[in-house]
Amino acid sequence: MSFVRRAATVLAAATALTAALAAPALAHVSITPGSAEQGGFTKVAFRVPNERDNASTTKVQISFPTDHPLAFVSVKPVPGWDVKVTEGKLPKPVKTEYGDLEEAVTTVVWSGGKINPGEFQEFEVSMGQLPKDVDSLTFPTKQTYSGGEVVEWADAPKSDGTEAEHPVPTLKLVPASGGDEHSAASTPASAAPVAATGPSVAPVAAASASDGTARLLGGAGLVAGIIGVVVGALGLRRRAA
């Protein structure tokens, strides 16, 4: 019986490890993909998980940078959700290759839908032209739950480099590859300045969930291996008896 108890303990530990491996994939609001080229246009998905067991996410508000504003913003409709794109006057005009930009998108709010416990939703945005002189853009996000709780994802990284409790969604900007500079920096034919509604953008590729899938599969494989070892050992113990 002591062997069975030890086996049960090992199995429980393996199950906990699997959960720990899977959790980080849906632990906080994030941007997928996490990087884009400076000076170009990109399409990203803001991935919002529901972290509560007794409430649903009913509203998501994303703030766009005003120090490095984006002249072109369009959103992809999400079934069951209403979207409101708000633009405002910038503290001071920003020079772009399209002229001085005095107004830009400041917030995008999705509401009216529901992200239930154990689920997540991706909200897609096409935007540009990305700045050429910074290495990242941050998008502070407010997540509202059905019970009235509001979680603000706006914390900067800690000084020691570790992740904050509620890290701000961050898009890293990397130097342009130079493969096709014209296409990277030119305005998409279908883009319109600060458009609240725009052409549909392609769904996020399946690779956008690859991190979570890999963790789940890896954890499941680990548990399956441990179970196999335990069952084999029990079989040998019975034979020896």
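Details of the structure are given in the entry above.
Cut-offs applied
- Residues numbered from 1 in each chain as written.
- Predicted model: local features only at pLDDT ≥ 70, side-chain atom pairs only at ≥ 80, totals over all residues.
- Heavy atoms only, no water.
- Helix = DSSP H or I, 4+ residues; strand = E, 2+ residues; numbered from the N terminus.
- Buried < 20%, exposed > 50% of the residue type's maximum accessible area, 1.4 Å probe, protein only.
- Contact = heavy atoms within 4.5 Å.
- Areas by Shrake-Rupley, 256 points an atom, 1.4 Å probe, with all protein chains shown as cover.
- Pairing = 2+ DSSP bridges.
- Axes fitted to C-alpha atoms, helices over the stretch in contact; angles between N-to-C directions.
- Polar contact = N/O pair within 3.5 Å; in protein donor to acceptor, adjacent residues only side chain to side chain.
- Salt bridge = Lys/Arg side-chain N within 4 Å of Asp/Glu carboxyl O.
- Phe/Tyr/Trp six-rings, centres within 6.5 Å; stacked < 30°, edge-to-face > 60°.
- Core = buried A, V, L, I, M, F, W, Y, C linked by side-chain atoms within 4.5 Å.

## Notes on the overall build of the protein
In terms of helices and strands, the protein carries three helices and 12 strands. A total of 241 residues make up the protein; the buried ones form 35% of that total. In the protein, the proportion of contacts linking residues at least 24 apart, taken out of those at least 6 apart, comes to 76%. Element-wise, carbon and sulfur atoms account for 57% of the exposed surface of the protein, whose accessible area totals about 13400 Å².

## A word on the sheet that holds strand 3 (residues 42-49)
Reading across the sheet, the four strands line up as 1-3-8-5 and stay open at both edges, with antiparallel pairing between neighbours. On the outer flanks of this sheet lie strand 1 (30-32) and strand 5 (72-75), each paired with one strand and no other. Each adjacent strand pair in this sheet contributes to an overall mean axis angle of 30°, direction not counted. Strand direction decides the pairing type here: strand 1 and strand 3, joined by three bridges, are antiparallel. In the sheet register, Thr32 faces strand 3, and the bridge partner there is Ala45.

## Considerations on the side chain of Glu122
If you trace the backbone, Glu122 turns up in strand 8 (residues 120-128). In terms of polar contacts, Glu122 uses its side chain to reach the side chain of Arg47, at 3.0 Å.

## Quick word on the pairing of strand 12 (residues 170-174)
Covered by surrounding structure in strand 12 are Leu171 and Leu173 only, the residues Thr170, Lys172 and Val174 on the alternate face being uncovered. Taken together, the three bridges between strand 2 (residues 35-37) and strand 12 define a ladder with parallel strand orientation. Looking across to strand 12, one finds that Ser35 is bridged to Lys172. Here strand 9 (residues 136-138) pairs with strand 12 via three bridges, running antiparallel. Bridge pairing in strand 12 links Thr138 to Thr170.

## A closer look at the pattern of salt bridges
Evaluation of the coordinates by the stated rule reveals four salt bridges. As a salt-bridge pair, Lys76 and Glu124 come within 3.4 Å of each other at their nearest N and O atoms. Of this pair, Lys76 sits in the loop between strand 5 and strand 6 (82-96) while Glu124 is found in strand 8, placing the two residues 48 residues apart along the sequence. Accessibility expressed as a relative area gives 7% for Glu124, which makes it buried.

## Some thoughts on the packing of aromatic side chains
Describing an aromatic ring pair means giving the distance of the ring centres and the angle of the ring planes. Within the structure shown, the criterion is met by five aromatic pairs. With centroids separated by 5.8 Å and ring planes inclined at 50°, the aromatic side chains of Phe41 and Phe72 adopt a geometry described as tilted. Of this pair, Phe41 sits in the loop between strand 2 and strand 3 while Phe72 sits in strand 5, and the two are 31 residues apart along the sequence. Given the relative accessible area of 23%, Phe41 is considered partly exposed. By relative accessible area, Phe72 is classed as buried at 10%. Between Trp110 and Phe123, the aromatic rings sit 4.8 Å apart at their centres with planes inclined by 40°, giving tilted as the arrangement. Of this pair, Trp110 sits in strand 7 (residues 99-115) while Phe123 sits in strand 8, placing them 13 residues apart in sequence. Across the pair, Phe123 and Trp110 agree in class, each one buried.

## Here's the deal with the nonpolar core
Counting 32 residues, the largest nonpolar core has Phe64, Trp110, Phe123, Val125, Met127, Phe139 and Leu171 as its most contacted members. Of all the elements in the fold, those that place two or more residues in this core are strand 3, strand 4 (57-63), strand 5, strand 7, strand 8, strand 11 (150-153) and strand 12. No other element matches the four residues that strand 7 contributes to this core. Core analysis: the next-biggest nonpolar cluster, separate from the first, contains five residues, Ala71, Phe72, Leu90 and Ala104 among them.

## Regarding the sheet that holds strand 9
With mixed pairing, the three strands of this open sheet are ordered in space as 2-12-9. Every interior strand has two partners, whereas the edge strands, strand 2 and strand 9, have only one. Across the sheet, the axes of successive neighbouring strands diverge by a mean angle of 25°, strand direction being ignored.

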